[in-house]
Amino acid sequence: MKSVPISLTVNGEVVEALVPPRQHLADFLRETLGLTGTHIGCEQGVCGACSVRLNGEVVRGCLVLAVQADGSRVDTIEGVSDAGELTHLQRAFENRNALQCGYCTPGMLLTAAELLKLNSRPSREEIREFISGNYCRCTGYHAIVDAIEAAAQASGGDVS
Amino acid sequence: MKAPAFDYLRAKSIDEALTALREHGEGARIIAGGQSLVPLLNMRLAAPSLLVDIGGISELRGIEVQGDIVSIGALTRHVELERSDLIRRHAPLLSSTMAHVAYPAVRNRGTFGGAIANADPIWNLPACALALGAVMVARSVDGERRIPADDFFLGHCRTALRPDEILIRIEVPVDGATHRVAFQKLGPRLTVIMGVAARAEVVDGICKSLRLGWFGVGNTPTLSASAAAALVGASPDEAALERAAAALGEDLKPHDDLRGSAAMRSYLARVLLRRIAADLFPEFLSEARQEATA
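Residues numbered from 1 in each chain as written. Chains lettered and ligands numbered in written order. Predicted model: local features only at pLDDT ≥ 70, side-chain atom pairs only at ≥ 80, totals over all residues.

Novice: Go over the overall build of chain B, please, and point to the residues and values.
Specialist: Each helix and strand in chain B was counted, giving 12 helices and 14 strands. A globule of 294 residues ought to have a C-alpha radius of gyration of about 19 Å, and chain B, at 19 Å, matches this closely. For the C-alpha atoms alone, the extent of chain B along its principal axes is close to 60 × 45 × 30 Å. Looking at chain B as a whole, 51% of its 294 residues qualify as buried. Nonlocal contacts in chain B, meaning residues at least 24 apart in sequence, comprise 61% of its contacts between residues at least 6 apart. (Helix = DSSP H or I, 4+ residues; strand = E, 2+ residues; numbered from the N terminus. Rg over C-alpha atoms; globule rule 2.2 N^0.38 Å. Buried ≥ 20, exposed ≤ 12 C-beta atoms within 10 Å, placed from the backbone. Contact = placed C-beta atoms within 7 Å.)

Novice: How would you explain the nonpolar core if you had to name every residue and give the values?
Specialist: All names here are of chain B. Residues V52, I116 and A198 are the most contacted members of the largest nonpolar core, which totals 145 residues. Tallying contributions element by element places helix α11 (residues 262-280) first for this core, with eight residues. Once residues within four sequence positions are removed from consideration, V52 is found in contact with L9, A11, A17, A20, L21, A28, I30 and I31. (Core = buried A, V, L, I, M, F, W, Y, C linked by C-beta atoms within 7 Å.)

Novice: Talk me through the sheet that holds strand β3 (residues 50-53) of chain B; I want residue IDs and the actual numbers.
Specialist: Residue and element names in this part refer to chain B. Read across the sheet, three strands follow the order β1-β3-β2 without closing on themselves; strand pairing throughout is parallel. Since the sheet does not close on itself, it has two edges, and those belong to β1 (7-10) and β2 (28-31), each with one partner. Strand-to-strand twist across the sheet, computed as the mean angle between neighbouring axes with direction ignored, equals 25°. Relative to β3, β1 is paired through four bridges, and the arrangement is parallel. Of the residues in β3, the one forming a bridge with Y8 is L51. Seen against the sheet, helix α1 (residues 14-24) touches β1, β2 and β3 and runs at an angle of roughly 165° to β3. (Pairing = 2+ DSSP bridges. Axes fitted to C-alpha atoms, helices over the stretch in contact; angles between N-to-C directions.)

Novice: Account for the confidence of the model for chain B, naming residues and giving values.
Specialist: Summing up the model confidence of chain B, the mean pLDDT is 95 and the portion of residues at 70 or higher is 97%. Scored by ipTM, the complex comes to 0.94, with pTM at 0.94. (pLDDT = per-residue confidence, 0-100.)

Novice: Requested: an account of the sheet that holds strand β5 (residues 69-73) of chain B, with residues and values cited.
Specialist: Strands belonging to one sheet form pairs held by backbone hydrogen bonds; the direction of such a pair is parallel or antiparallel. Residues and elements named next belong to chain B. Strand order across the open sheet formed by five strands is β4-β5-β10-β6-β7, with antiparallel pairing between neighbours. Both outer strands of the open sheet, β4 (63-66) and β7 (143-148), are each paired with one neighbouring strand and no more. Averaged over all pairs of adjacent strands, the angle between their axes in this sheet comes to 25°, without regard to strand direction. Both strand β6 (residues 135-140) and β7 contribute to a ladder of six bridges, which runs antiparallel. Bridging across to β7, M136 finds its partner in I147.

Novice: Outline the domain arrangement of chain B, supporting the account with residue identities and numerical values.
Specialist: The parts lose accessible area when they come together, and the size of an interface is often stated as this lost area. Residues and elements named next belong to chain B. One can read the domain layout of chain B as domain 1 (7-53), domain 2 (61-172) and domain 3 (180-293). Summarising the inter-unit geometry, the C-alpha centres of domain 2 and domain 3 are found 22 Å apart. Contact with domain 2, which involves 22 residues of that partner, is made by 21 residues of domain 3. It is helix α8 (residues 124-132) that provides the largest number of residues to the side of domain 2 that touches domain 3, a total of seven residues. (Domains from an automatic or database assignment.)

Novice: Any details on the interface of chain A and chain B? Residues and values, ideally.
Specialist: At the interface, 28 residues of chain A touch 26 residues of chain B. Elements with a contribution of two residues or more to the side of chain A that touches chain B: β4 (57-60) and α4 (105-118) of chain A. Of the residues belonging to the side of chain A that touches chain B, the class tally is 13 nonpolar, nine polar and six charged. (Nonpolar A, V, L, I, M, F, W, Y, C, P; charged D, E, K, R; others polar.)

Novice: I'd like a description of the pairing of β5(B), backed by residues and values.
Specialist: Residue and element names in this part refer to chain B. Bridging between β4 and β5 involves four bridges; their strand directions are antiparallel. Bridged to E64 within β5 is S71. Taking the residues between adjacent antiparallel strands as the criterion, β4 and β5 are bridged by two residues, where G67 takes a positive phi near 65°. Two elements, β5 and strand β10 (residues 166-173), share five bridges in a ladder whose sense is antiparallel. Opposite I72, over in β10, you have I170 as the bridge partner.

Novice: Describe the environment of A:T87, with residues and values.
Specialist: Within the fold, A:T87 resides in helix α3 (residues 87-95). A C-alpha to C-alpha distance of 27 Å links A:T87 and A:D27, two positions 60 residues apart in sequence.

Novice: Break down α1(B) for me, citing the residues and quoting the values.
Specialist: All names here are of chain B. Regarding α1, the residues found buried are A17, L18 and L21. Projected onto a plane normal to the axis of α1, the buried residues spread over an arc of 95° and lie on a single side. With respect to the buried face of α1, the exposed residues turned more than 90 degrees away are D15 and E23. Buried residues belonging to α1 abut β2, β3, β6 and β10. (Arc of directions from axis to C-beta.)

Novice: Outline the packing of α3(A) against α4(A), supporting the account with residue identities and numerical values.
Specialist: Two numbers describe a pair of packed helices, the interaxial angle and the distance between the axes. Residue and element names in this part refer to chain A. Direction vectors running N to C along α3 and α4 enclose 130°, while the axes themselves pass 10 Å from each other. Taken as axis vectors, α3 and α4 run oblique relative to one another. α3 and α4 meet at a crossing whose hand is right-handed. Contact with α3, carried on its side by L89, Q90 and F93, involves T105, L109, A112 and A113 of α4 and no other residues of that element. The residue makeup of the contact of α3 with α4, split by class, is five nonpolar, two polar and no charged. (Parallel < 35°, antiparallel > 145°, perpendicular 65-115°, else oblique. Left-handed = near helix turned anticlockwise from the far one by under 90°.)

Novice: Give a description of unusual backbone geometry that names residues and reports values.
Specialist: One non-glycine residue, A:N55, adopts positive backbone phi at about 50°. Relative to the helices and strands, A:N55 is located in the loop between β3 (51-54) and β4. In this structure, B:D204 is a non-glycine residue whose phi angle is positive, near 50°. The topology assignment puts B:D204 in the loop between β12 (194-203) and β13 (206-215). With 7 C-beta atoms packed within 10 Å, B:D204 lands in the exposed category.

Novice: With reference to specific residues and values, describe the domain arrangement of chain A.
Specialist: Residues and elements named next belong to chain A. Looking at the assigned domains, one finds that chain A contains domain 1 (4-80) and domain 2 (84-154). Computed over C-alpha atoms only, the centres of domain 1 and domain 2 are separated by 22 Å. Taken together, the contact pairs 12 residues of domain 1 with 13 residues of domain 2. Those elements giving two or more residues to the side of domain 1 that touches domain 2 turn out to be β3 and α2 (77-82). Of the residues that constitute the side of domain 1 that touches domain 2, the class distribution is six nonpolar, five polar and one charged.

See the structure below:
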C-alpha cells in the first residue's frame, strides 16, 4: 500500500517523512524518530502508556494514525519534560514513590499535567477520575494521586 | 497488534469523500477521530482496503442552535460537547453524559458522529440519541436524507447508514423549561454493564412525554416505549412506576455475556428505572429517591 508524505512539528522541530498509512503515531515516534519515551502497551486505547500531546491536548498515540498527524504539532514526554513544564510533577512523583517500573510514567505525567492545566486544585476524586484511563500495575495508584495532589499544592495553583 | 495494510485518502471536501465512497464500495471506510475504528484496525477486526479521512473537513464541525433544534456537526469532538455552553443550556443530557464517555484522552479526539455511526450497543451516546429523539442527517452523492433515531440503530454496531453515505450532523431538540433529563449507569467505565438515558416533559404535574434509551441491554441501543407509556398522561407516581417496571419486559431483550446474565440485566433494568424515575420526578417519587440514594 502506498506510503503518504507527512509534515508535522515534533517537540518544536519540523519533521517530514513518508509513512505507511497503517502506522500509528506512537510507532512513528518510536521507530522512525527514536523518541522511545512514548511507550506502547495495549495498542487498543485502554492503557494510556502511549499518551502524547496532539495540538496541545493529550491523546492516545496508538489511536492516531501517523498520516492523520500531518500538519499537527506533536509533543512527547521528551519535549515536555525538557521544556521544564513537568518539574513540579516529576519531583512529586519521585518524593512520593509514584512510580516503580516507570512504564506508565510518561503517560501519567502528561495526563496529570493536562489535569492541572484545566483544574489547578483538583480533589483526590477528580484526580482519580482524570487518570482513570492510565493504567499502572505497580503502585496501586494511591502514591500517584498523592503525587499529583502534592504537585498541585507545590505549584500554588500556578502550573503554567 | 498492528493494523493490516490499507490505502489512505485525506478528503478535502465532503464531495471528494462521497465520490471516493461511491467508487470504492464496501471496501472503503470513513475515519474521523479514529477512536472507534483504530482499535478495530489494530485488533484486525476491521480490514478496509481504503480509509477516507474526513477529519480535516471543517464544515463538519461545530454546534449551532437553529430554532428548537441543536445541530451538532458529526466531527464535533466529545471534549467540545462536554465544555460547550450551548450544549449545557440547550441539551444538558449530552453535557452530563460526556464525563462517562471513555477517558479524557479519548474525548480529546473522538467525535460525536463517530460514536453514533459506529453504534456500539454498550456505549451511552447512541442511547442518548434515542432518548433525545435525535435525527441523523446522512449525505451521499445522491443527496441528503434524514433518519430518525428510532429507525437508525439496526443491529450490533450496525446502522441505517449505507456504505456510500456519511453522517453529516446530528440534530437534537432544544430543552425548554418543562423538560427534564437524567442518566444512570451501572459498572465502571471499561466494564460498564448497562445504563439508561432519559428525557421527559412535565407540565402542571402531568408527564407529557418520556423517552428512555437503554445501552448494554441486547444488541442495539433500545427505546423502552411501553415502560415510558406507563408513566405518561398522569402524575408519574409510585403506582405508575410499578406499571412501568412491569412493562419493561416487553421492551427490552437482555443478553448474556461475561458482564452479566440476561436475568441479571432484567433485574438491573428495574433498579435503573427506579433510579432514573426518581431523578426525573423527585416530587412524586420520594420513596424511590430515598432507595436510590441509600
